[in-house]
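# Remarks on the overall topology
Here is how the chains run, residue by residue.
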Amino acid sequence: MKPIFKHLFNFLVLFSVSFSALAKVELLTGYVRAMPSSVPNSAAYLSLGNSGKAMDLVSVRTDVAKEAQLHRLIEDNGMIKMRQADKFILPSKGKLTLSETGNHIMLIGLNRTLDVGDTVDLVLLFDNGETLPVSLPVKKQQSASAAHSHH
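Residues numbered from 1 in each chain as written. Predicted model: local features only at pLDDT ≥ 70, side-chain atom pairs only at ≥ 80, totals over all residues. Heavy atoms only, no water.

### Comments concerning the overall build of the protein chain
Each helix and strand in the protein chain was counted, giving 1 helix and 10 strands. Reading the secondary structure of the protein chain in the N-to-C direction produces α-β-β-β-β-β-β-β-β-β-β. Taken over 151 residues, the protein chain has a buried fraction of 36%. Of all intrachain contacts in the protein chain linking residues separated by at least 6 positions in sequence, the fraction that spans at least 24 positions is 67%. Summed over its atoms, the accessible surface of the protein chain is roughly 9,000 Å², and 57% of this surface lies on carbon and sulfur atoms. (Helix = DSSP H or I, 4+ residues; strand = E, 2+ residues; numbered from the N terminus. Buried < 20%, exposed > 50% of the residue type's maximum accessible area, 1.4 Å probe, protein only. Contact = heavy atoms within 4.5 Å. Areas by Shrake-Rupley, 256 points an atom, 1.4 Å probe, with all protein chains shown as cover.)

### Thoughts on the nonpolar core
Formed by 30 residues in total, the largest nonpolar core has its most connected members in Leu 48, Ile 105, Leu 107, Leu 124 and Phe 126. Not counting residues within four places of it along the chain, the set of residues in contact with Leu 48 comprises Val 25, Glu 26, Leu 27, Leu 28, Leu 90, Gly 94, Lys 95, Leu 96, Leu 124, Phe 126 and Leu 132. (Core = buried A, V, L, I, M, F, W, Y, C linked by side-chain atoms within 4.5 Å.)

### With respect to the confidence of the model for the protein chain
The share of residues in the protein chain with pLDDT of 70 or more is 78%, and the mean pLDDT across the chain is 84. Throughout residues 144-151 the model reports pLDDT below 50, and contacts reaching past four residues in sequence, or to other chains, amount to 21 contacts. (pLDDT = per-residue confidence, 0-100.)

### A word on the environment of Pro 36
Tracing the chain through its elements places Pro 36 in the loop between β1 (25-33) and β2 (41-50). Expressed as a C-alpha distance, the spacing of Pro 36 and Asp 115, which sit 79 residues apart in the sequence, is 8.2 Å.

### Regarding the packing of aromatic side chains
Evaluation of the coordinates by the stated rule reveals 1 aromatic pair. Residues Tyr 31 and Tyr 45 carry aromatic rings whose centres are separated by 5.3 Å and whose planes lie at 50° to one another, so their mutual orientation is tilted. On the criterion of sequence distance, the pair formed by Tyr 31 in strand β1 and Tyr 45 in strand β2 is long-range, its members being 14 residues apart. By relative accessible area, Tyr 31 is classed as buried at 9%. Residue Tyr 45 is classed as buried on the basis of its relative accessible area of 2%. (Phe/Tyr/Trp six-rings, centres within 6.5 Å; stacked < 30°, edge-to-face > 60°.)

### Observations regarding the pattern of salt bridges
The final tally for this structure, using the stated rule, is 4 salt bridges. Put simply, Arg 33 and Glu 100 hold a salt bridge, and the shortest N to O gap is 3.6 Å. Of this pair, Arg 33 sits in strand β1 while Glu 100 is found in the loop between β7 (95-98) and β8 (104-110), placing the two residues 67 residues apart along the sequence. For the pair shown, Arg 33 and Glu 100 are each scored as buried. Of the charged contacts in the structure, one is a salt bridge between Arg 112 and Asp 118, with a shortest N-O distance of 3.4 Å. (Salt bridge = Lys/Arg side-chain N within 4 Å of Asp/Glu carboxyl O.)

Next up, the structure:
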């Protein structure tokens, strides 16, 4: 009986340590943009808070699209262009904001139509090996200034 309690205790200690490490990053807000069924892509926007050490968001997984990519908006010769990014920095005791008018997550090759009121599950992967599963509601575009044809 003693070995069972020992294993259970070890499991609880490991679980609480890994949970506390993950609890340093939290989803503050977020949503995925609803798109007409004729549009094969969408975008996810969110804000993350970090009460721990700095880390990098390096990729995103989801089942609603063939691919999820980190994207930056850059200005090139007076034109705004979208480019894939390797990472987004989540500063220590800071915040990372992905927005309609800046950095964001592209959902490329949607497997289904994303209707207002649906939810989209994403898994955020960080450079230290941690993951953060999030579930975001599908909403209409938030602001008129963000009507970009690339989405």
